[in-house]
Amino acid sequence: MNDTNISRRAFLQGSALAVTASAVSRAGAASLPEAPLQQSAQTQPPLAPTGGRPYQPVVTLNGWSLPWRMKNGVKEFHLVAEPVVREIAPGMKANLWGYNGQSPGPTIEVVEGDRVRIFVTNKLPEATSVHWHGQRLPNGMDGVAGLTQPGIPPGKTFVYEFTARRAGTFMYHPHADEMVQMAMGMMGFWVTHPKDPDFMRVDRDFVFLLNAYDIEPGAATPKVSTMLDFNL
């Protein structure tokens, strides 16, 4: 057997191990961090850091920030992809898809240099994934279903883990049937704060995510086919 075959075998074995490590076993599910649920679409107070590196929290207009826990130096979050109902205007409720009870989903706040671990549980009727838009991370954590990972089946949990390498305001969204899932409202903010909390410090920091839905009068579910019409 030549060195090329050995290297190829080692590569494939390493890839298999990486996939296995990213899937949550039944025993591992018992140690999942709590998945907070937000019922109200009102603007919530900023989430002050309770540990780890200090940062100045943002206020998400008509939204909230996802709580986290520290475990062995890693900042852990739990996102739940699920159907939600949101009152878009007084008396007009829409059947959307989102995260942790809201659409758009909660803001995730970390600090430059943080090691982060995000558990994503799928409660949708189809497979999903999460792409961390704008992040510099390992290819296997990029969240592109069918390319960098298998889609997360309904009822299953997948673990993303990487280091937040640059400060900025980003977003997360699916890359699995993304035209449908994003048209249904699946997206949220990702904010990486600078490691120096006094760098370009402001008195107040707000984020505001805009989205548009095509909902017929008298209906409650967006017309997802609109996202596929690029001739408008």
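Throughout what follows, the structure given in this document is the object of discussion. (Residues numbered from 1 in each chain as written. Predicted model: local features only at pLDDT ≥ 70, side-chain atom pairs only at ≥ 80, totals over all residues. Heavy atoms only, no water.)

Description of the pattern of salt bridges
Inspection of the entire model under this criterion finds 7 salt bridges. One salt bridge in this structure joins K75 and D114, with 2.9 Å as the shortest N-O distance. You can see K75 sitting in strand 3 (residues 74-89) and its partner D114 sitting in the loop between strand 5 (108-111) and strand 6 (115-122), a full 39 residues away along the chain. We note that K75, like D114, is buried. We note a salt bridge from K223 to E216, for which the minimum N-O separation is 3.1 Å. One network of salt bridges, with partners in common, ties together R69, E76, R115, R117 and E161. (Salt bridge = Lys/Arg side-chain N within 4 Å of Asp/Glu carboxyl O. Helix = DSSP H or I, 4+ residues; strand = E, 2+ residues; numbered from the N terminus. Buried < 20%, exposed > 50% of the residue type's maximum accessible area, 1.4 Å probe, protein only.)

Comments concerning the packing of aromatic side chains
Per the counting criterion, the structure on display carries 7 aromatic pairs. Both rings, one in W132 and one in Y172, keep their centres 6.0 Å apart while their planes meet at 45°; by these two values the pair is tilted. Of this pair, W132 sits in strand 7 (residues 131-133) while Y172 is found in strand 9 (residues 168-173), placing the two residues 40 residues apart along the sequence. Neither W132 nor Y172 differs from the other in exposure class; each is buried. The structure contains a cluster of three or more aromatic residues connected by ring pairs, namely Y99, W132, F158, Y160, F162, Y172 and W190. K75 extends its terminal NZ or CZ atom over the ring of W68, reaching a point 4.2 Å from the ring centre. (Phe/Tyr/Trp six-rings, centres within 6.5 Å; stacked < 30°, edge-to-face > 60°. Lys NZ or Arg CZ within 6 Å of the ring centre and 35° of its normal.)

Description of a nonpolar patch on the surface
Residues L61, F206, F208 and L210 make up a contiguous nonpolar surface patch of about 420 Å² in total accessible area. Its location among the elements puts F208 in the segment after strand 11 (206-207). Classification of F208 as partly exposed rests on a relative accessible area of 49%. (Patch = residues over 30% accessible without salt bridge, like charges linked within 9 Å, V, L, I, M, F, W, Y side chains within 5 Å. Areas by Shrake-Rupley, 256 points an atom, 1.4 Å probe, with all protein chains shown as cover.)

Some words on the nonpolar core
Grouped together as the largest cluster of nonpolar side chains are 30 residues, with contacts concentrated most on L79, I108, I118, W132, Y160, F162 and W190. Those elements giving two or more residues to this core turn out to be strand 3, strand 4 (92-99), strand 5, strand 6, strand 8 (157-163) and strand 9. If sequence neighbours within four positions are ignored, L79 has contacts with L66, Y99, N100, P106, I108, I118, F119, V120, T121, W132 and Y172. (Core = buried A, V, L, I, M, F, W, Y, C linked by side-chain atoms within 4.5 Å. Contact = heavy atoms within 4.5 Å.)

Quick word on the sheet that holds strand 5
Strand order in the open sheet formed by 4 strands is 5-10-9-7, with mixed pairing between adjacent strands. Of all strands in the sheet, those with a lone pairing partner are strand 5 and strand 7, marking the two edges. In this sheet, neighbouring strand axes are inclined to one another by 25° on average, regardless of whether the strands run parallel or antiparallel. Sheet topology note: the strand 5/strand 10 (residues 188-193) ladder contains 4 bridges and is parallel. (Pairing = 2+ DSSP bridges. Axes fitted to C-alpha atoms, helices over the stretch in contact; angles between N-to-C directions.)

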